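Survey of secondary and tertiary structure
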Amino acid sequence: MSVSVIIVMDKDADKEMIKNFWTPVKLKYNGRPEVEFIITGDMYDGINRAKYNAVFITPWNVVPTYKALLAIESLNANQCLLPRIHGDEDKLAGAFSINKNLYRRESLKEWSSRKDIKVVENITMYKV
C-alpha cells in the first residue's frame, strides 16, 4: 500500500530533534517511492500535498515503534490507526491515519467512529 506520512511541526518544533529521530525512519523507506514524508507546520497543507490516499499524520515529536512502522507501511486507506504512547498505553499519541479522499476535516472522534473506517489501536509510538 502507498502511504503519505505527514509530520506536523508546532511552534516549539526542534528541527535538530526532527532530523535525529525522523532521518532513520526515512532511511528505512529509502528507494521505496510508495512511502512519502511531508514535514509541515500545517496538517491540512500536508494532507493537500499528499500524493497517496492513505495518509498517516503525526506530531513531530512522536516517532513510530517498529510495530507502528509495519502498520504504517501496510496501511489501508479505510483504516484509522490510533497509536498510543509506548510505556503509557493509556495515552493516545496524537497520531492518526485518514483516507484523503473521504476525510472532510471531521474531528478525530467523528472520523474514527465512521462505519466505513476500521480503527486500529494496538500499536504504539515513542514520545521524544
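Description of the structure in this document. (Residues numbered from 1 in each chain as written. Predicted model: local features only at pLDDT ≥ 70, side-chain atom pairs only at ≥ 80, totals over all residues. Heavy atoms only, no water.)

Things to note about the pairing of strand 2 (residues 35–40)
A regular strand carries its side chains on alternate faces of the sheet. When strand 1 (residues 3–8) meets strand 2, the two strands line up parallel, connected through six bridges. Directly across from Ile6, in strand 2, lies its bridge partner Ile38. (Pairing = 2+ DSSP bridges. Helix = DSSP H or I, 4+ residues; strand = E, 2+ residues; numbered from the N terminus.)

Side note on helix 3 (residues 66–73)
Buried within helix 3 are the following residues: Ala68, Leu69, Ala71 and Ile72. Projected down its long axis, helix 3 shows its buried positions confined to an angular sector of 165°, all on one face. Where the residues of helix 3 are buried, they touch strand 1, helix 1 (15–28), strand 3 (54–59), strand 4 (62–64), strand 5 (79–81) and strand 10 (124–127). (Buried < 20%, exposed > 50% of the residue type's maximum accessible area, 1.4 Å probe, protein only. Arc of directions from axis to C-beta. Contact = heavy atoms within 4.5 Å.)

Here we look at the side chain of Thr124
Within the secondary structure, Thr124 sits in strand 10. Residue Thr124 is classed as buried on the basis of its relative accessible area, which comes to 14%. Of the polar contacts made by the side chain of Thr124, one reaches the side chain of His86; its length is 3.3 Å. Each residue touching Thr124, except ones within four places of it in the same chain, is listed here: Thr65, Ala68, Pro83, Arg84, Ile85, His86 and Glu89. (Polar contact = N/O pair within 3.5 Å; in protein donor to acceptor, adjacent residues only side chain to side chain.)

Section: the packing of aromatic side chains
Applying the stated rule across the entire model yields three aromatic pairs. Seen from their ring centres, Tyr29 and Phe37 are 6.0 Å apart, and the 45° between their planes marks the pair as tilted. A relative accessible area of 4% places Tyr29 in the buried class. By relative accessible area, which is 22% here, Phe37 ends up partly exposed. Put simply, the rings of Trp22, Tyr29 and Phe37 touch in pairs and so form one group of aromatic residues. (Phe/Tyr/Trp six-rings, centres within 6.5 Å; stacked < 30°, edge-to-face > 60°.)

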